[in-house]
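If you want the building blocks of each chain, they are given just below.
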Amino acid sequence: MLWDIDHTLIENCGVSKEIYAAAFTSLTGRTPTLPVVTEGQTDRLIMADLFFRHHTEPPLWDETEHALTEAGAARESDLRGRGYVLPGAREALEALTGEPGVVVSVLTGNIAANALVKLRAFGLDVLVDLAVGAFGADCDDRSGLVPVARRRISSAYALPAPAPVVLIGDTPRDVQAALTNGVEVIAVASGSYSTAALYAAGARIVLPDLRDTTGVLTVLRELARTRAGA
């Protein structure tokens, strides 16, 4: 089970965009005058777009990742104070910890350091195996993160091959990542995209939120069983 973070597990209340803006300022010495655009993209693409729209040559990725890491670390307390865990998210993760044969990790556009910051701010980091997740530094395109997570999980766990994979996320890019890689997806309309928009993106299952823990677990188990028997 591979979870998106922002607007699926947590609401960051604008802290994410402040992190990108701070990283831009650290790297360029000036404040961005245009808004940060995220929309389910990876950190690589978010920052590249920010530089492009400001007509600024991007630095090497290692420098950008370092700036993002520093900006994220500096805002963990802000995130804890302003953000919150979305309803049902903690309960769903806690319930999954008792599921035999299930690996719970993340597939997120955030770099690994900031994924940890966002989950740790609310005590969710202990409920997922971040060592086998896929992150925004691993690939430009979100769809390319699925094979990354599969390789890491296969190396770390003795799971049947190919083990069924379920993505859980709130944007059409989450849906597209699943469809491109032939894995299952549960779309959650807890972010800026409506139920209709997520269905239009190709999701077969769309939930309004994660409040119904039993229902979420039932859907996840059924998807895993169906894929395992395919």
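One structure accompanies this document, and this report is about it. For clarity, every value in this text was computed on a predicted model and none was experimentally measured. (Residues numbered from 1 in each chain as written. Predicted model: local features only at pLDDT ≥ 70, side-chain atom pairs only at ≥ 80, totals over all residues. Heavy atoms only, no water.)

**What about the packing of helix 2 (residues 43–53) against helix 3 (residues 61–74)?**
Stated formally: Where helices are involved, their axes are fitted lines through C-alpha atoms of the stretch in contact, as for all axes, and angles between N-to-C directions lie from 0 to 180°. Going along the chain from the N terminus, every DSSP run of H or I of four or more residues is numbered as a helix, and every run of E of two or more is numbered as a strand. When an angle is under 35 degrees it counts as roughly parallel; over 145 it counts as roughly antiparallel; between 65 and 115 it counts as roughly perpendicular; any other value is oblique. Any two residues having at least one pair of non-hydrogen atoms within 4.5 Å are treated as being in contact. Charged residues are taken to be Asp, Glu, Lys and Arg, nonpolar residues to be Ala, Val, Leu, Ile, Met, Phe, Trp, Tyr, Cys and Pro, and polar residues to be all remaining types, Gly included.
For the pair helix 2 and helix 3, the least separation of the axes is 11 Å and the interaxial angle reads 100°. As summarised for this structure, helix 2 and helix 3 are arranged roughly perpendicular, according to the angle between their axes. Two secondary-structure elements touch here, helix 2 through Asp43, Arg44, Met47 and Phe51 and helix 3 through Trp61, Thr64 and Leu68. Grouping the constituent residues of the contact of helix 2 with helix 3 by class yields four nonpolar, one polar and two charged.

**Some points on the packing of helix 3 against helix 6 (residues 112–120)**
In helix packing, the relevant descriptors are the interaxial angle and the interaxial distance, both defined with respect to the helix axes. Direction vectors running N to C along helix 3 and helix 6 enclose 10°, while the axes themselves pass 9 Å from each other. What the angle tells us is that helix 3 and helix 6 run roughly parallel. When helix 3 is examined against helix 6, the residues Leu68, Thr69, Gly72 and Ala73 are found in contact with a partner set consisting of Ala113, Asn114 and Val117. Partitioning the contact of helix 3 with helix 6 into residue classes produces four nonpolar, three polar and no charged.

**Overview of the pattern of salt bridges**
Stated formally: By definition, a salt bridge exists where a carboxyl oxygen of Asp or Glu is found within 4 Å of a side-chain nitrogen of Lys or Arg. In this scheme, a residue with accessible area under 20% of its type's maximum is buried, one over 50% is exposed, and one in between is partly exposed, where area comes from a 1.4 Å probe on protein chains only.
What the rule picks out here adds up to eleven salt bridges. Across the pair Asp4 and Arg142 runs a salt bridge whose closest N-O atoms are separated by 2.8 Å. Separated by 138 residues along the polypeptide, Asp4 in the loop between strand 1 (2–3) and strand 2 (10–11) and Arg142 in the loop between helix 6 and helix 7 (145–156) bring together distant segments of the chain. There is no split in this pair, since Asp4 and Arg142 are both buried. Put simply, Asp209 and Arg211 hold a salt bridge, and the shortest N to O gap is 3.1 Å. Among the ionic contacts, a cluster of salt bridges with common partners joins Asp4, Arg142 and Asp174.

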